[in-house]
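Observations on the three-dimensional arrangement
Residue-level listing of the chains:
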Amino acid sequence: MSLLLEQARALDAADPLAHFREQFFIANPEMIYLDGNSLGRLPLRTEALMADLVRRQWGERLIRSWNEGWFTLPERIGSKLAQLIGAQADEVIVADSTSINLFKLGVASLRLQQGRRRILTDDLNFPSDIYVLQGIVGMLGAGHQLEIVRSEDGVHGPVEALLAALDENVALVVLSHTVFKSGYVYDMKAVTEAVHAAGGLMLWDLSHSVGSMPVELNAAQADLAVGCTYKYVNGGPGAPAFLYVRRDLQEHLQNPISGWMGQRAPFDFTLEYAPEAGIRRFLTGTPPVLSLALIEPGVDLLLEAGMEALRAKSIQQTSLLVHLWEEKLAPLGYTLKSPRQPEQRGSHISLGHPEGWRINQALIHDLGVLPDFRAPDNIRLGIAPLYTSFVDVYTAAERLQRAVEEQIYMRHSSRRSTVT
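Attention in this report is confined to the structure presented alongside it. (Residues numbered from 1 in each chain as written. Predicted model: local features only at pLDDT ≥ 70, side-chain atom pairs only at ≥ 80, totals over all residues. Heavy atoms only, no water.)

As a further point, take the sheet that holds strand β9 (residues 335-336). Taken together, the 4 strands give an open sheet; going across it, the order is β9-β10-β13-β12, and neighbouring strands pair in antiparallel fashion. What marks the edges here is a single partner per strand, and that holds for β9 and β12 (372-374). Pairing geometry for strand β10 (residues 348-352) and strand β13 (residues 378-382), over 5 bridges, is antiparallel. Across the sheet, Leu351 pairs through a bridge with Ile379, a residue of β13. Seen against the sheet, helix α11 (residues 307-329) touches β9, β10 and β13 and runs at an angle of roughly 20 degrees to β10. (Pairing = 2+ DSSP bridges. Helix = DSSP H or I, 4+ residues; strand = E, 2+ residues; numbered from the N terminus. Contact = heavy atoms within 4.5 Å. Axes fitted to C-alpha atoms, helices over the stretch in contact; angles between N-to-C directions.)

Structure follows, in structure tokens:
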């Protein structure tokens, strides 16, 4: 038996979080799921909640349920999410999608930062964020410029180049805290301080951080943040996103998509919009109650486990995977496309290979491993400490090895499917 396999089994036996795996629906225990950084598993509590939502809350209580908890869902779940990201309860609210929330906060920030025209981001940011920023620049027509700072290696954030680009004309800096391809993690506090020193506002996308590591928005004095809930938070496919606005900024920012849920007295039905005080002003339309409510069980599980404990396990597991890459996979042409330093990476590891797409297909269809693929050659292996075991990590590496050694990948076409 491999010494590393023995080590993985011993780590599972000593894992204080191991019992959380039993809290998830796992249809096939033999299939190793390493795509929780795209779509988290289904919590068993979510199944029970859905039955109650449909049968009792909707079916029996009908419209009365709005006054029995539905109306305050955005704040209630937002206050729980705030505990995961180091924010105050009244600084986070659940609404819309990550892209719409980014649009709201981006437009609000640029309107506040009158006279400043530069927006900075990097080429490691999630492309959808860049598309939104491009749309904002085109819509406002006020001479704003979006500047994309390039990473030298495609893995690490271009920190020095970003800081060198800061000046008195920078209005807003938008970055993914954890980079979606490589898993690189920015030093939130250091970058935010530098942006503030130049007079800019800092907006973080937390989509690949929330639920996988502690985030300290208040400690970093971060201005704004957005994030999704269907990855490590396990909120379900397309679950609503969240936004954060630091308390002292809330009254200074105007929601550019004003709607009745953000109105001070929505059921007065007046024809003049007056924004609600505080974080609720960033709501717009009627929330999708069913999908919104289903976020809560996943958040509760994370709070029960504790983010420090989850982060410790994540670092152990990604470190094991890097060690397995060195021993088993590097000789077969796999390259490490994530930072080697544990403190600089999130909870997924990217491995590159010239046959990355076909290897990915072999893993899914022949070898019982479900990762994902990001062009041009990245096989992303997402580790969700709530339900990923150490033996899962070991076995996945062993099957990556087999995919190449036994040329199993050659059974598959190089033509990509729509969703990768």
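From this point, the narrative continues.
It is worth spelling out the sheet that holds strand β3 (residues 118-122) at this point. Strand order across the open sheet formed by 7 strands is β2-β8-β7-β6-β5-β3-β4, with mixed pairing between neighbours. Each edge of the open sheet carries a strand with a single partner, namely β2 (92-94) and β4 (145-149). When the angles between neighbouring strand axes are averaged without regard to direction, this sheet yields 20 degrees. The sheet contact formed by strand β6 (residues 201-205) and strand β7 (residues 224-227) spans 3 bridges and is parallel. The residue of β7 that forms the bridge with Trp204 is Ala225. Sheet contacts for helix α3 (residues 73-84): β2 and β8 (242-245); angle to β2, the most-contacted strand, approximately 130 degrees. Packed on one face of the sheet, helix α7 (residues 188-197) meets β5 (170-176) and β6 and runs near 150 degrees to β6.

Trans peptide bonds make up the majority, and among non-glycine residues the majority have a negative phi. The omega torsion across Ala375 and Pro376 is 5 degrees, close enough to zero to call that bond cis. By secondary structure assignment, the location of Pro376 is in the loop between β12 and β13. In the Ramachandran plot, Gln407 falls in the positive-phi region, its phi being about 55 degrees despite a non-glycine side chain. Locating Gln407 in the fold gives a position in the segment after α13 (390-405).

What follows is about the packing of aromatic side chains. Tallied over the full model, the rule gives 10 aromatic pairs. Geometrically, the ring pair formed by Trp357 and Phe373 is edge-to-face, given 5.4 Å between the ring centres and 75 degrees between the ring planes. Placement of the pair is Trp357 in helix α12 (residues 356-365) and Phe373 in strand β12, with a sequence separation of 16 residues. This pair shows no difference in class: Trp357 is buried, exactly as Phe373 is. Put simply, the rings of Phe71, Trp260, Phe267 and Phe269 pair up and form one aromatic cluster. (Phe/Tyr/Trp six-rings, centres within 6.5 Å; stacked < 30°, edge-to-face > 60°. Buried < 20%, exposed > 50% of the residue type's maximum accessible area, 1.4 Å probe, protein only.)

Attention now goes to the environment of Gly306. By the secondary structure assignment, Gly306 is in the loop between α10 (296-305) and α11. Taking the C-alpha atoms as reference points, Gly306 and Leu84, 222 residues apart in sequence, are found 8.6 Å from one another.

Before going further, it helps to examine the pairing of β3. Each regular strand carries side chains that alternate between the two faces of the sheet. Burial runs high along β3: 5 of the 5 residues are buried. Neither face of β3 is open: one carries Arg118, Leu120 and Asp122, the other Ile119 and Thr121, and all of them are buried. Pairing geometry for β3 and β4, over 5 bridges, is parallel. Across the sheet, the residue bridging to Ile119 is Leu146, located in β4. When β3 meets β5, the two strands line up parallel, connected through 3 bridges. When the bridges of β5 are listed, Arg118 appears paired with Val170.

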